[in-house]
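Architecture and fold: a report
Read off the chains here:
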Amino acid sequence: MKKIIAIFATFMMLISGGMGTIEAQQLTKSQEKAIQKDAKKRAKELKKAGWEPLASSQTMEYALIKYRTYIETDEENRIPITGIALGQNNKIGRDNATHAGIANYAARAKAQIVGKLKSVASSDANKTSQEEIDRFGEAYESAVNTSIGSLAKEHFTLVRIPKKKEGDTKEYNVFMSIDETAARKAREEAAREAQQQASLGSLSEMVEEFIGEPVAGEE
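Structure report, in brief. In this text the structure is predicted, and so the values were computed from the model without any measurement.

1. Quick notes on the sheet that holds strand E1 (residues 52-53)
Within a beta sheet, neighbouring strands are joined by backbone hydrogen bonds and run either parallel or antiparallel to one another. Spatially, the four strands line up as an open sheet ordered E1-E3-E4-E2, and their pairing is antiparallel. If you trace the sheet from one side to the other, it starts and ends with E1 and strand E2 (78-87), each paired once. Sheet analysis places E2 next to strand E4 (residues 170-179), joined by 10 bridges and oriented antiparallel. Bridge pairing links Thr82 to Phe175 in E4.

2. A look at unusual backbone geometry
Its identity is not glycine, yet Ala55 carries a phi of approximately 45°, on the positive side. With respect to the helices, strands and loops of the structure, Ala55 is situated in the loop between E1 and helix H3 (60-72). Among the residues examined, Ala55 registers a relative accessible area of 77% and is labelled exposed.

3. Some words on the packing of aromatic side chains
Scanning all chains against the criterion turns up four aromatic pairs. Their ring planes at 85° and their centres at 5.6 Å tell us that Tyr67 and Phe175 sit as a pair that is edge-to-face. Here Phe175 lies in strand E4 and Tyr67 lies in helix H3, a separation of 108 residues in the sequence. Each member of the pair Tyr67 and Phe175 is classed as buried. By way of ring pairs, the aromatic residues Tyr67, Phe156 and Phe175 are connected into one cluster. The ring of Tyr70 carries the charged tip of Arg78 above its face, separated from the ring centre by 4.3 Å.

4. Quick notes on helix H7 (residues 204-211)
Structural remark: α-helix, 3.6 residues per turn; residues separated by three or four positions point the same way. All buried positions along H7 are accounted for by Val207, Phe210 and Ile211. Viewed end-on, H7 has its buried residues packed into an arc of 90°, placing them on one side of the element. Set apart from the buried face of H7 by more than 90 degrees, the exposed residues are Glu205 and Glu208. For H7, the elements touching its buried residues are helix H4 (90-123), helix H5 (130-148) and helix H6 (180-195).

5. Concerning the packing of H4 against H5
Between H4 and H5, the shortest axis-to-axis distance is 8 Å and the interhelical angle comes to 155°. Taken together, the axes of H4 and H5 are roughly antiparallel relative to one another. Helix-helix and strand crossings are classified by hand; for H4 and H5 the assignment is right-handed. Judged by residue contacts, Ile102, Ala103, Tyr105, Ala106, Ala107, Ala109, Lys110, Ile113, Val114, Leu117, Lys118 and Ala121 of H4 engage Gln130, Ile133, Asp134, Phe136, Gly137, Glu138, Tyr140, Glu141, Val144, Asn145 and Ile148 from H5. When the residues that make up the contact of H4 with H5 are grouped by side-chain class, the tally is 15 nonpolar, three polar and five charged.

6. Describing the nonpolar core
With 38 residues, the main nonpolar core has Tyr105, Ile113, Leu117, Phe136, Tyr140 and Ile148 as its most contacted residues. Listed by contribution, the elements that provide at least two residues to this core are E2, H4, H5, E4, H6 and H7. Here this core takes 10 residues from H4, the largest share from any one element. In contact with Phe136, not counting residues within four places along its chain, are Ile113, Leu117, Ala191, Ala194, Gln195, Ala198, Leu200 and Val207. If you look at the next biggest cluster of nonpolar residues, it comprises 16 residues, including Met60, Leu64, Ile71 and Leu158.

Calculation notes
- Residues numbered from 1 in each chain as written.
- Predicted model: local features only at pLDDT ≥ 70, side-chain atom pairs only at ≥ 80, totals over all residues.
- Heavy atoms only, no water.
- Pairing = 2+ DSSP bridges.
- Helix = DSSP H or I, 4+ residues; strand = E, 2+ residues; numbered from the N terminus.
- Buried < 20%, exposed > 50% of the residue type's maximum accessible area, 1.4 Å probe, protein only.
- Phe/Tyr/Trp six-rings, centres within 6.5 Å; stacked < 30°, edge-to-face > 60°.
- Lys NZ or Arg CZ within 6 Å of the ring centre and 35° of its normal.
- Arc of directions from axis to C-beta.
- Contact = heavy atoms within 4.5 Å.
- Axes fitted to C-alpha atoms, helices over the stretch in contact; angles between N-to-C directions.
- Parallel < 35°, antiparallel > 145°, perpendicular 65-115°, else oblique.
- Left-handed = near helix turned anticlockwise from the far one by under 90°.
- Nonpolar A, V, L, I, M, F, W, Y, C, P; charged D, E, K, R; others polar.
- Core = buried A, V, L, I, M, F, W, Y, C linked by side-chain atoms within 4.5 Å.

Nothing here speaks to function; it is geometry throughout.
Here it is as C-alpha cells:
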C-alpha cells in the first residue's frame, strides 16, 4: 500500500488537476502514513454505519486514500466537496447527491459574500439596502450552482440501505472535488451576472475582492 501511495503522489506531481492549477507537491512519508491511518479509521466507521462502495472494484479504504492523497497534494487548489441524498435507484441517487453537494457549495459561497457585503455596508453606513444585497446573493447563488456543476470531479460514491430491505430508498454519499482556479473564474462570472439584477452601488467595487477568496469549507 505504501508503494501505491508513493507512486500515486509522484504521478500527481507531474500533472495539473485542471485549468491553471499549481503543480502538485509530493507528500512526505509522515503525511502518507497519516492519510493511511485516517482512511483506515474512517473506512471502519463508514462500514459500521452500513456504507459500501457503489459499483466499484476498489475497497473503501483505498478509495479514501486516493481521494485524500489527491486533495492533499494541492490543498490550496483542490477543494473537496461531498453530497448526500436519497434515491431508489443508483443513477438518480448519485445525481441527487451530486446536486446536493454543488448546492451546498453555492449556498456557502452566497453566505460568505453576503455576510461580507452586509458587514461593509453596516460599518461604513453605506446607502446600499440590505434587500439589494440579498437580491444579489440570491442571483449569485443560482449562477454559482449552475456553473460549478460542470467543474465538479467525482472520485467515488458510497451507498447504504438504511433498513436493508430490497426496494427501500437508498442513501448516497458522493465524494467530489473542484479546481479552485476554475471555480474562482466561475464565481467571478456569476457575480457579474448577479450584479445585473441588483443595485449594489459603491459596494460593487468590493465584490471582485471578496469573490477571489476561496469559499469556506464544509463543516
